[in-house]
Amino acid sequence: MSEYTTDPRAGERPPVAGGPPEPARRGFLNLLLGGWAVGLAASIFYPIARYLVPPRTSEASAAQVTLPFKISEVKPNSGTIFKFGRRPGLLVRTEQGEFKAFSAICTHLDCTVQYRDDAQQIWCACHNGLYDLRGRNVSGPPPRPLEELQVHLKGDEIVVSKMS
Amino acid sequence: MRSAPATALRLAAVGFGAALACGPLVRAVENGCTACHLELDGPLAEPARLFPDDVHAARGLSCHDCHGGDPGTMDMEAAMSPQKGFKAAPRDGREVVALCASCHSDPVYMRRFAPSLRIDQMAEYRSSVHGKRLFGSGDPNVATCVSCHGVHDIRAVSSPQARVYPTRIAETCAACHADAARMKPYGRATDQYEKYRRSVHADLLYRQRDVSAPTCNDCHGNHGASPPGGGAVVNVCGQCHTFFKQYFLESPHREPFESIGQCIHCHGNHDVESPTDEWIGTGSRAVCVQCHSSGDAGYAAAELIHGRIVTLNEAVERAAGLLDRAEQAGMEVAEPRFELRDANQSLVKARSLIHTLNPARVVERVDEGLAVAVKVERAGLDALAELAFRRRGLLLFLVLILGLMAGLIWKIRERRRTR
Amino acid sequence: MSPVPRDLLQSLRRFVEERVDLSALRHMAREKEVPQHRHSFWYYFGGMALFLLIVQMVTGILLLLYYRPSAEEAFESVQFIMTRVEFGWLIRSVHSWAANLLIAVLFVHMFSAFLMKAYRRPREITWMTGVVLFALMLGFGFSGYLLPWNELAYFATRVGTAIAAAMPLAGEFFLRFLRAGDEVSGATLARFYGLHVAVLPAITLAVLAVHLLLVQQHGMSVPPSEERRHSGKVPAMRFVPDYILRDLVGWLAALAALALLAALFPWELGKKADPFQAVPVGIKPEWYFLFMFQSLKLLPPHLFGIEWLEGEVVGILVFTAAGGAWLLVPFLDRRTARGERSRLFTVAGVLALLFIIVMTVLGYVLE
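All values derive from a computational prediction rather than experimental measurement.

Definitions and cut-offs
Residues numbered from 1 in each chain as written. Chains lettered and ligands numbered in written order. Predicted model: local features only at pLDDT ≥ 70, side-chain atom pairs only at ≥ 80, totals over all residues. Helix = DSSP H or I, 4+ residues; strand = E, 2+ residues; numbered from the N terminus. Rg over C-alpha atoms; globule rule 2.2 N^0.38 Å. Buried ≥ 20, exposed ≤ 12 C-beta atoms within 10 Å, placed from the backbone. Contact = placed C-beta atoms within 7 Å. Pairing = 2+ DSSP bridges. Nonpolar A, V, L, I, M, F, W, Y, C, P; charged D, E, K, R; others polar. Expected span 1.5 Å × (residues − 1). Axes fitted to C-alpha atoms, helices over the stretch in contact; angles between N-to-C directions. Domains from an automatic or database assignment. Parallel < 35°, antiparallel > 145°, perpendicular 65-115°, else oblique. Left-handed = near helix turned anticlockwise from the far one by under 90°. Core = buried A, V, L, I, M, F, W, Y, C linked by C-beta atoms within 7 Å. pLDDT = per-residue confidence, 0-100.

A. Molecular detail of the overall build of chain B. Assigned secondary structure in chain B consists of 23 helices and 0 strands. In terms of C-alpha radius of gyration, chain B reaches 38 Å, well past the compact-globule figure of 22 Å for 419 residues. Counting only C-alpha atoms, chain B reaches 140 × 90 × 40 Å along its principal axes. Residues counted as buried form 26% of the 419 residues belonging to chain B. Taking all contacts inside chain B whose residues are at least 6 apart in sequence as the whole, residues at least 24 apart take part in 55%.

B. View of the overall build of chain A. On a plain count of helices and strands, chain A comes out with 1 helix and 10 strands. Starting at the N terminus and walking to the C terminus, you meet the elements of chain A as α-β-β-β-β-β-β-β-β-β-β. Within chain A, the proportion of its 164 residues that are buried is 21%. Within chain A, contacts between residues at least 6 apart in sequence are counted, and of these 36% link residues at least 24 apart.

C. Spatial organisation of the pairing of strand S4 (residues 99-103) of chain A. Residues and elements named next belong to chain A. Here 5 bridges tie strand S3 (residues 87-93) to S4, and the two strands are oriented antiparallel to one another. In the strand pairing of S4, Gly89 is matched with Ser103. What sits between S3 and S4 in their antiparallel hairpin is a turn of 5 residues, with Gly97 showing a positive phi close to 95°. Across 2 bridges, S4 lies against strand S9 (residues 148-154) in antiparallel orientation. Paired with Phe102 across the bridge in S9 is Glu148.

D. How the structure looks around the environment of B:Glu258. Relative to the assigned elements, B:Glu258 resides in the loop between helix H19 (242-250) and helix H20 (263-267). If near-sequence neighbours (up to four positions away) are discounted, B:Glu258 is found in contact with B:Gly230 and B:Gly231.

E. Structural detail: the pairing of strand S10 (residues 157-162) of chain A. Residues and elements named next belong to chain A. The pairing of strand S1 (residues 64-66) with S10 spans 3 bridges and is classified as antiparallel. Across the sheet, the residue bridging to Val65 is Val160, located in S10. Inspection of the sheet shows S9 paired to S10 by 6 bridges, in the antiparallel sense. Counterpart to Leu153 in the pairing with S10 is Ile158. Joining the antiparallel neighbours S9 and S10 is a turn of 2 residues, in which Gly155 adopts a positive phi near 65°.

F. Fine view of the interface of chain B and chain C. With 21 residues of chain B in contact, the opposing surface of chain C contributes 23 residues. Looking at the side of chain B that touches chain C, the elements with two or more residues in it are helix H21 (297-329) and helix H23 (359-418) of chain B. Counting residues per element, the side of chain B that touches chain C draws most heavily on H23(B), at 16 residues. A per-class count over the side of chain B that touches chain C returns 14 nonpolar, 2 polar and 5 charged.

G. Main features of H21(B). Taking 1.5 Å of rise per residue, 33 residues should cover 48 Å, and H21(B) covers 48 Å from first to last C-alpha, within 8% of that figure. Phi turns positive, to about 105°, at B:Gly330, one or two residues after H21(B).

H. The arrangement of the sheet that holds strand S7 (residues 129-131) of chain A in detail. Residue and element names in this part refer to chain A. With antiparallel pairing, 4 strands are arranged side by side in an open sheet as S5-S6-S7-S8. At either margin of the open sheet sits one strand with a lone partner, and together these are strand S5 (114-116) and strand S8 (137-139). Neighbour to neighbour, the strand axes of the sheet diverge by 40° on average, direction disregarded.

I. Local environment of the domain arrangement of chain A. When its domains are assigned, chain A resolves into domain 1 (21-55) and domain 2 (64-162). Distance between the C-alpha centres of domain 1 of chain A and domain 2 of chain A: 56 Å.

J. How the structure looks around the domain arrangement of chain B. All names here are of chain B. Looking at chain B, the domain boundaries give domain 1 (19-89), domain 2 (104-226), domain 3 (228-274) and domain 4 (297-380). Here the C-alpha centroids of domain 2 and domain 3 sit 23 Å apart. At the junction of the two partners, domain 2 supplies 9 residues and domain 3 supplies 8 residues. Contributions of two or more residues to the side of domain 2 that touches domain 3 are made by helix H15 (192-197) and helix H16 (200-207). Looking at the side of domain 2 that touches domain 3 residue by residue, the classes come out as 4 nonpolar, 3 polar and 2 charged.

K. Layout of the packing of H21(B) against helix H22 (residues 334-353) of chain B. Residues and elements named next belong to chain B. Interhelical geometry of H21 versus H22 gives an angle of 160° and a closest axis separation of 10 Å. Our classification of the angle between H21 and H22 gives roughly antiparallel. In this structure, the crossing between H21 and H22 has a hand that is left-handed. Here H21 contributes Ile309, Leu312, Asn313, Val316, Ala319, Ala320 and Leu323 to the contact with H22, which in turn contributes Pro336, Arg337, Leu340, Ala343, Asn344, Leu347, Ala350 and Arg351.

L. Region of the structure containing the sheet that holds S10(A). All names here are of chain A. If you walk across this open sheet you meet the 6 strands as S1-S10-S9-S4-S3-S2, and the pairing is antiparallel. Among the strands making up the open sheet, the edge pair consists of S1 and strand S2 (78-84). Each neighbouring strand pair of the sheet contributes to a mean axis angle of 25°, computed without reference to strand direction.

M. Examining the environment of C:Ala113 more closely. All names here are of chain C. Within the fold, Ala113 resides in helix H5 (residues 88-115). As a C-alpha pair, Ala113 and Tyr44 span 69 residues in sequence and 11 Å in three-dimensional space. When near neighbours in sequence (up to four residues on either side) are disregarded, Ala113 contacts Ala118, Tyr119, Trp127 and Gly130.

N. How the structure looks around the nonpolar core. Counting residues in each nonpolar core, the largest one holds 80 residues, and the members touching the most others are C:Met48, C:Leu52, C:Ala98, C:Leu102, C:Trp149 and C:Leu258. A total of 15 residues in this core trace back to one element, the largest contributor, which is H5(C). With residues up to four places along the chain from it excluded, the contact list for C:Leu52 reads C:Ala98, C:Leu101, C:Leu102, C:Val105 and C:Ala254. B:Cys288, B:Met331, B:Leu340 and B:Val366 belong to the second-largest nonpolar core, a separate cluster that totals 52 residues.

O. Here's a closer look at unusual backbone geometry. All names here are of chain C. The residue after Arg121, namely Pro122, is reached through a cis peptide bond having omega 5°. Take Pro122: it is sitting in the loop between H5 and helix H6 (124-146). In this structure, Pro241 follows Val240 across a cis peptide bond, with omega equal to -5°. Residue placement: Pro241 occurs in helix H11 (residues 239-264). Here the phi dihedral of Lys117 falls at roughly 55°; this positive angle occurs in a residue that is not glycine. Mapped onto the elements of the fold, Lys117 is located in the loop between H5 and H6. Accessibility expressed as a C-beta count within 10 Å gives 24 for Lys117, which makes it buried.

P. Representation of the confidence of the model for chain B in the model. All names here are of chain B. The pLDDT averaged across chain B works out to 88; a share of 93% of its residues lies at or above 70. In the model of chain B, helix H2 (residues 23-30) stands out as the element of lowest mean pLDDT, 48, in contrast to H15, which has the highest, 95. Every residue in residues 25-29 scores below 50 in pLDDT, and together they form 4 contacts with partners more than four places removed in sequence or on other chains. Here the predicted complex scores 0.75 on pTM and 0.83 on ipTM.

What follows is the structure, given as structure tokens:
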């Protein structure tokens, strides 16, 4: 194993004039170095610690959304827009009290549809398109029905998810 | 073991039963008309051959229900005797119409078969160009019931085999109206069908098979077929294009366009295309400059409207592009994307509002959209700026590292010095 | 410093030493030395590679806490990490950049060991485990690259696995083994994920343990030229604390480089993979595979016009043979084994390095 000598001075430069710093100063500088190292370590561990705690809105993909209003807040024969992932959805409570949810993107030119309580149908204000309460396009330019979403009622909460 | 005569009796019974089951034999007893006519040649056999698939046959009607006579006998004299009410085939258009109308204009009769079917076709027909010519000058060339519906192979309108099924009507009309020789005496154009096939309506109907798309009868009427006439065009188009009709009637074009075809003047009648943003304004492809010239109010309005629409379109595209870039770099842009939908919606509505020819109304909608687009663009830039912010944070970290490295190198030097 | 912590440290030390035999460690701390000569600078790259591997393992574990290995969710989960998780963008960028840095450092480490003839007796097994480790790291790079499931990753994997199919005899097997099917799909993703986080790490740890143990036993190898220069008595420095301090400086430099790269060139998210899209023009693998990819591209479809001499197959065979020779070089370099100068192998090593560099550059220039 020892193909080499253990001459400590081998390959190194001669001592520099001036000598080493005094023990006290050296101790202080060592402390400084140690503190700096601790600071660096902290700046590495801090992000890791923050990373380990998941963000509030934990669901990564928009397959399911809990609506920000309670069942008791939704009147019969009314409709509300909600956010489903990055797309708008329409929650409809029929006159009979039943809940229905659809994608609120009109299948004609992507405008956002709304619920009309006079006709009890879903209407698009851009070109007068009409959908019935099954989401089927019944009048005007829309070529396809609205995508229907599933509604689950959990206590006083409304959870909307994609049709399975 | 049975006896030979008993077996023979059995065989005979089976044979007779089979014979009974044979259709022609049974029909021969019921319908002497078809039994004889099927045996004949050429055109005389045709009606009998075609009729089984006719919608009237499906309703249980037969030859004698239109032609009279006695179908129960095989004797030609007895079957076709005038005493039994036999009427030969109608001799001219007027007789055809009268024959069809004898049932189809009778509400009591029709209620038995199809309660929701209209019974005013005859009245409509009389008001049409075809009807007026037929009952007026006795023109034998005009279309009558059988020209469009067929004679003995009529299908229900809802059947795809019907000559008047939405995807076949245009061809049925074109059989005469695209025939240059036939239309020559009337001095009518014959390019309507060809133009229609180029239109966006035809694309929807023929390529997408959307049977709610308009074809000849949706604008011209079917039994009362006539061109809409001045002042009525906007109502015809407005059957589907509701908002555009409303805006047009509120616009300054309402009166001036009444005599020049209203919608048709800018959009065409048969070769209707999808319009682009270039149609409005003062550019080379704009329709406005056909009448308006530099200096008049219309020209200024057109220029303004075009400019604003294009501005909003570009702003929305710019914002969307920024969001794409940020998203690909790995930034969160779901919220701004959601908001950008409103800007898109404003653009769609603004384009409809063009028909008001009112710059103020268009500008109002455009400004609404622009506010959103600008906000979204800002959000996109902020997302990209966040990248730069992180850059600075990391460079700070770099300083920390370099500091520690300096410290360590000092320590190494120090150790060298002590020895 | 107050005396209380020092007493505490002393009693803690005594507690451990009474139960665990730390004599080997003490021995190393006191006695282990590192030779100092003209080429001893290259020694630092081994430790740097180890440091970067640790960084990869830590950031990798952090990433797998949020990553979802399915075709439907992989891209979205990476997007989630980058946009929603606190400092997720940082962990991800560091992991991606450290991978590239690690392989770059390994190239340097491997070629410097080769050119210094560190593979000669008694370090033959050290060299071979090293080559195996290098191959494992390339495997990590290839399997990890697919995991974000973006356009680039998907098509690069498709092209890369297709090349594996060109291997004679076992090609078809390899293709189906890698792809977990006939096409690159969600099944491929799951398989690559399993390889990347379980199979390869397990094998790596085992081989790395052998490699490090042997390095510890034999110490650092001194190139023959230096041995001759110092007539067998090469000066050395103590491992603890002198060499370690210098090693640390190197590691901090690597950390600094990572911070710089993550800050100035953050790793993109890209576009989600669409299998039905056409292969983007100019698709190419990561830089460490590029020299092989480019060489294969430059070979004619049929060598010398002979029908059955397919360029791609010959290319792959040549690379396989070269890899085998590289692995077995301790046994091929007879002259060095006998203690003589071996210019041939030095030249071969330099040529190999030049070939790799030139082909990599060409791969980028000949877009």
